[in-house]
Amino acid sequence: MTLVKHELRQSKVSFLIWTASIGFLLAVCVFLFPEMKGQMDGVSDVFASMGSFTEAFGMDRLNFGTLTGFYAIECGNVLGLGGAFFAALCAAGILSKEEKDKTAEFLLTHPVSRQRIITEKLIAVFIQITAMSMIIYALAVGSIAAIGEEIPWKEVSLLHLSFYLLQLELAGICFGISAFLRKGSTGIGLGIAVTMYFLNLIANIADVADFLKYITPFGYCEGADIVANGKMDGIMVAIGATIGIGGILIAYLKYTKKDIH
Amino acid sequence: MEIIKTTRLTKYYGKSRGIEDLDLTVNSGEFFGFIGPNGAGKSTTIRTLLGLIAPTSGSATVFGKDITKEKEAVLQNIGYLPSEGLFYGEMKVKDALKLSADLRKKDCTAEAKMLCERLQLEPSRKIDDLSFGNRKKVAIVCALQHNPDLLVLDEPTGGLDPLMQKEFFDILRERNHAGATIFLSGHILSEIQRNCTHAAIIRDGKIIACDSVEALSKTNAKRVTVHGTVDLTHLNGIRDRKEAKDAVSFLYSGDMGSLLHTLSSGQINDITVKEPDLEEIFLHYYEKDGETV
């Protein structure tokens, strides 16, 4: 586990900054809720009548005036995007950075098999995503309690679980891509996260594009569906898990045979 | 015992050649120089031996073990000094050394401390703050601290000042006397002539000469330098003639009698006759398609 420790030490600063930023934004939004609640009667109608924009964020099906509705939409954007960016960046860089920073010649000439390097780096990504999800979950529950609202345990837990799965899936995809990269990984990581996010918005707006929900992990994170159904869509989650695991398998296949420059 | 043995080892990067049908043998205890200009295939050979890149065809063994099938066992006993190896810049020197030792599952603290003292490297400094030469020292300690049986050094002295170069080669000689095999790749020929017992010359991805340094340097030709005035027009077997004020220098491979006869008819103040140095032989290999001098 030498490499896991090494990776975690290396990414400590970026992990702390991302976790603090997402946690802070999330808490700020929750703290805004009491103020907004009083004005919500009017606002909900406004939000519910903005046409495509309303549909894109699922605001036609959620009540902005309740904590659950408010949290599902707000959480979907802050935690959804923030977590997706972090997971994508973290995984996209983890294999490729050795060649980019020219440390591959150091690391890979030690008596450590490529499989072990891949596995330990994967574990490091997994630990970071899991730790971040747990910290954010605690912060979210804590801030809801702090504003004196009753905590909707089931909905909040399901929402956070779905975003955790989304981060794992994106990390799996980006990990696979990372095995092919030699230079910058930031653009590709961000690009994938943003594309997935917009695919879901398009699916929400246009009925013909509904199938996109089965491609993007944001499909099974849709707050409106989770709150309404009380569960995630099993098929979407299964497809997502397959894609994520596929990415990891590709990373193993590619990186064990890769010529290192 | 053969420490490194490659058999028809070939590496193509797509269509461009890295090395081609390379046969190379390095025996136990040799201080082996691997000579060639940039792009000849030195680094490709080293990278293949270390398992960083996979050979296109052919095979290679290190310590009698196949480099692809038993890569980890091979690497356990190799110390590698990359030509421009970089480290995780945020780390401290001692943490990087510890990481390297941990990856080998070895405790090298005592050896690392000794090497840092000899090379005047401060273990508590951050790698990002070090000069190029000092970063090289970190790489040297990493390559040496686990006392490997084979040292692979890729252009090792770049960035080191002359005093450090001397200290570095002192350490290498000590290791060599203690039984380690040393494989030194580079293009600084004086360095190889001074330190190596054996050498191979690589050109366009192929070995064109491989022998003891002594045998490689020993040729029929002599480098003759004459101070004074002498008419050389009727002398056969002169090459690489260099004229200076009051002096002429040339490689001579003709009849010694006629050389002496010609010289005796001139006005000579001083004369030196010596073996050509490795540099001249090397250049010759590169200019003349590999005929001997």
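Report on the accompanying structure. (Residues numbered from 1 in each chain as written. Chains lettered and ligands numbered in written order. Predicted model: local features only at pLDDT ≥ 70, side-chain atom pairs only at ≥ 80, totals over all residues. Heavy atoms only, no water.)

What to know about the overall build of chain A
- Helix and strand content of chain A: 10 helices and 0 strands.
- In chain A, the succession of α and β elements from N to C terminus is α-α-α-α-α-α-α-α-α-α.
- Its C-alpha radius of gyration of 20 Å places chain A within 12% of the 18 Å reference for a compact globule of 261 residues.
- Each of the three principal axes of chain A carries a C-alpha extent, and together these read 65 × 40 × 25 Å.
- Within chain A, buried positions represent 52% of all 261 residues.
- Partitioning the intrachain contacts of chain A with sequence separation of at least 6 by distance along the chain shows that 76% fall at a separation of at least 24.
- Summed over all atoms, the accessible surface of chain A reaches about 11,100 Å², with 69% contributed by carbon and sulfur.
- Counting 19 positive and 22 negative side-chain charges, chain A places the centres of these two groups 16 Å from one another. (Helix = DSSP H or I, 4+ residues; strand = E, 2+ residues; numbered from the N terminus. Rg over C-alpha atoms; globule rule 2.2 N^0.38 Å. Buried < 20%, exposed > 50% of the residue type's maximum accessible area, 1.4 Å probe, protein only. Contact = heavy atoms within 4.5 Å. Areas by Shrake-Rupley, 256 points an atom, 1.4 Å probe, with all protein chains shown as cover. Lys, Arg positive; Asp, Glu negative; His and termini not counted. Charge placed at Lys NZ, Arg CZ, Asp CG, Glu CD.)

Let's talk about helix α10 (residues 234-255) of chain A
Residue and element names in this part refer to chain A.
- Here α10 is 22 residues long and its end C-alpha atoms lie 32 Å apart, about the 32 Å a rise of 1.5 Å per residue gives.
- Restricting attention to buried positions, one finds in α10 the residues M236, G240, G244, G247, A251 and Y255. Axial view of α10: buried residues confined to an arc of 70°, hence all on one face. Away from its buried face, by an angle of more than 90 degrees, α10 presents the exposed residues I235, T242, I245, L249 and L253.
- On its buried face, α10 sits against α4 (67-100), α6 (114-146) and α7 (153-178).
- Its side-chain oxygen at 3.0 Å from the backbone nitrogen of I235, D233 defines the N-terminal cap of α10. (Expected span 1.5 Å × (residues − 1). Arc of directions from axis to C-beta. Polar contact = N/O pair within 3.5 Å; in protein donor to acceptor, adjacent residues only side chain to side chain.)

Digging into the side chain of A:S178
Residues and elements named next belong to chain A.
- Position of S178 relative to the elements: it lies in helix α7.
- Given a relative accessible area of 0%, S178 falls into the buried group.
- A polar side-chain atom of S178 sits 3.1 Å from the main-chain amide nitrogen of S96.
- Residue contacts for S178: discarding those within four places in its chain leaves A91, A92, G93, I94, L95 and S96.

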